[in-house]
Amino acid sequence: MPSKGARKALSGKDSTELLNFEAVVRDSYSLVMAAREGIFARMAFEVADLLQLHLNQMADILHTTTKTLQNYRQSKKRLSPAHSEQTLKLLALQMKGKEVFGTADAFRRWLEKPAYGLDGQLPLVLLETSGGIDLVMEELERIAYGDLA
């Protein structure tokens, strides 16, 4: 079940936007094009909520500060292309993780445990770079196909 913030994001005006981005992240080209335009900072908060991350964790992943994220959200600013890409990739990762593990909670627990296919690294730690997100996504694909479950 989505958290309170995610339920809010899925209700009313924001639900259409989040659902549109869920469609966008399924296609690599669309993801890159959306990232180049920049997404509004509030999406970073919604994605953090879906991943059950504290704001300071999301800020660390994006290599920024919580104050900057909050200021961007209040000012209705867009994130940089790099931060937008990372946020959209995190949304795609959350969607895949929920699909593979069945629930957002189970996926979140997996993120905090050493992963065999990631050389014993915590998947959560690897989310700090776009390439790290790709590695975690590849691991989820392997788990989905039973390669390294």
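For the structure, check the block above.
In this report, we go over the structure that sits alongside the text. Numbering of residues starts from 1 in each chain and follows the order in which that chain's sequence is written. Thresholds applied to this predicted model are a pLDDT of at least 70 for local features of residues and 80 or more for the giving and counting of side-chain atom pairs; totals over whole chains, interfaces and linings are not thresholded and use all residues. To get the side-chain values, all heavy atoms of the structure are used, and hydrogens and water are removed first.

## So, the overall build of the chain
Now for step 1: Per the secondary structure count, the chain includes 10 helices and 0 strands.
Now for step 2: The numbering of helices and of strands both runs from the N terminus, where a helix is a DSSP run of H or I of at least 4 residues and a strand a run of E of at least 2. Of the regular secondary structure in the chain, the N- to C-terminal order runs α-α-α-α-α-α-α-α-α-α.
Now for step 3: Three exposure classes are used, based on accessible area relative to the maximum for each residue type with a 1.4 Å probe and protein chains only: buried under 20%, partly exposed in between, and exposed over 50%. When each of the 149 residues of the chain is scored for burial, the buried share is 42%.
Now for step 4: Any two residues having at least one pair of non-hydrogen atoms within 4.5 Å are treated as being in contact. Partitioning the contacts of the chain with sequence separation of at least 6, the portion at a separation of at least 24 is 63%.

## A word on the pattern of salt bridges
When the charged atoms of two side chains lie near each other, side chains of opposite charge can form a pair.
Now for step 1: Any carboxyl oxygen of Asp or Glu within 4 Å of a side-chain nitrogen of Lys or Arg constitutes a salt bridge here. Enumeration according to the criterion identifies 5 salt bridges in this entry.
Now for step 2: Of the charged contacts, one joins E112 and R108 as a salt bridge, the two residues approaching to 2.9 Å between their closest N and O atoms.
Now for step 3: Here E112 falls in the partly exposed class, since its relative accessible area comes to 43%.
Now for step 4: Judged by its relative accessible area of 8%, R108 falls in the buried class.
Now for step 5: R142 is the salt-bridge partner of E139, the closest N and O atoms lying 2.6 Å from each other. In this pair, E139 and R142 are both assigned in helix 10 (residues 130-144), 3 residues apart and thus about one turn of the helix distant.
Now for step 6: Using a relative accessible area of 2% as the deciding quantity, one classes E139 as buried.

On their own, these measurements won't tell you what the molecule is for.
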